[in-house]
Amino acid sequence: MTAGYHTLRELQEQAVLQNREVWEIVRNADMSENERSAEASFEKMTIMYQAMKQADQSYNGALRSASGRAGGDGAKLQQYNAQGKNICGDFIGKVMEKAIKMGESNACMRRIVAAPTAGSCGVLPAVLLSYEEDFSATQEDLVKALYVAAGIGTVIAENASLAGASGGCQAEIGSAMAAGALASLQGGDAETIMHAAALALKNMLGLVCDPVAGLVEVPCIKRNSCGAVNAVTSAQLALAGIRSAI
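About the thresholds
Residues numbered from 1 in each chain as written. Predicted model: local features only at pLDDT ≥ 70, side-chain atom pairs only at ≥ 80, totals over all residues. Heavy atoms only, no water. Helix = DSSP H or I, 4+ residues; strand = E, 2+ residues; numbered from the N terminus. Buried < 20%, exposed > 50% of the residue type's maximum accessible area, 1.4 Å probe, protein only. Contact = heavy atoms within 4.5 Å. Phe/Tyr/Trp six-rings, centres within 6.5 Å; stacked < 30°, edge-to-face > 60°. Salt bridge = Lys/Arg side-chain N within 4 Å of Asp/Glu carboxyl O.

Draft legend 1. Broad picture of the side chain of Thr192. By the element assignment, Thr192 lies in helix α10 (residues 190-202). By relative accessible area, which is 7% here, Thr192 ends up buried. Apart from the residues lying within four places of it in its own chain, the contact partners of Thr192 are Ala183, Ala238, Leu239 and Arg243.

Draft legend 2. Layout of the packing of aromatic side chains. Applying the stated criterion across every chain yields a total of five aromatic pairs. A centroid spacing of 5.9 Å and a plane angle of 45° characterise the contact between Trp23 and Tyr147, whose relative ring orientation is tilted. You can see Trp23 sitting in helix α2 (residues 22-34) and its partner Tyr147 sitting in helix α7 (residues 139-159), a full 124 residues away along the chain. Ring pairing ties together the aromatic residues Trp23, Phe42 and Tyr147, which thus form one cluster.

Draft legend 3. Local environment of the pattern of salt bridges. If you walk through the whole model with that rule in mind, you get 12 salt bridges. Note that Lys53 and Glu132 form a salt bridge whose closest N and O atoms lie 3.1 Å from each other. Of the two residues, Lys53 is situated in helix α3 (residues 38-57) and Glu132 in helix α6 (residues 123-134); the sequence distance between them amounts to 79 residues. On the accessibility criterion, Lys53 (22% relative accessible area) is partly exposed. Taking the shortest distance from any N to any O, the salt bridge between Arg243 and Glu191 comes out at 3.4 Å. Taken together, the positions of Arg243 in the segment after α11 (220-239) and Glu191 in helix α10 put the pair 52 residues apart, joining distant regions of the chain. Arg243 sits in the partly exposed class, given a relative accessible area of 32%. Three or more residues are tied together by salt bridges with common partners; here these are Asp56, Lys94, Lys98, Glu133 and Asp134.

Such coordinate-based values are descriptive only and should not be taken to indicate function.
This is the structure we're talking about:
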């Protein structure tokens, strides 16, 4: 890795030392590592975000996975939310719904973005897409948030694991990435972003990877929804000024 940062603290320090936003540090690392221009890097990340949006919009609740264990729950949650029964509120309800929809789309062989993995594909899109729909954020804002998420994911991949199969679901399933991304969208500084990620990561510790029949369907899909809500909660804690002891 030649990004110039290997820990969340180093990523924060780079942003402060260079007087840049976190997303810029991560974009510049991508430019250096992959020999891309700033424009090419941003365009590639934009395509990723648009693919997430397309996957969400093309969800089909009638589809079922080959095992028969996945499919249709996203539609149930959509109906539940539409009836105003979800006491979590409109935004959290939408986050929960989109996370399950994305996870089911993966199980049903639809096109998704593995961010960070296919089995955890719902967490990051659920948070970002819901934010775009409910708050005043441009696509450019969301792409910048994706860079923040990528930087956090890179650090975790280097120091721990992204694969549930090797690390259990205490590995990063996108929750820390989404927490940092959301904190950045809401105007958090580099320190706040890193603490949001740290808080989210701590809350996933101890989770095992024990999928039914060896498929990333049960309990994986529902865990996407829980991980997404964890990300939102952790971002709000950090934005309120609460700091992670670890």
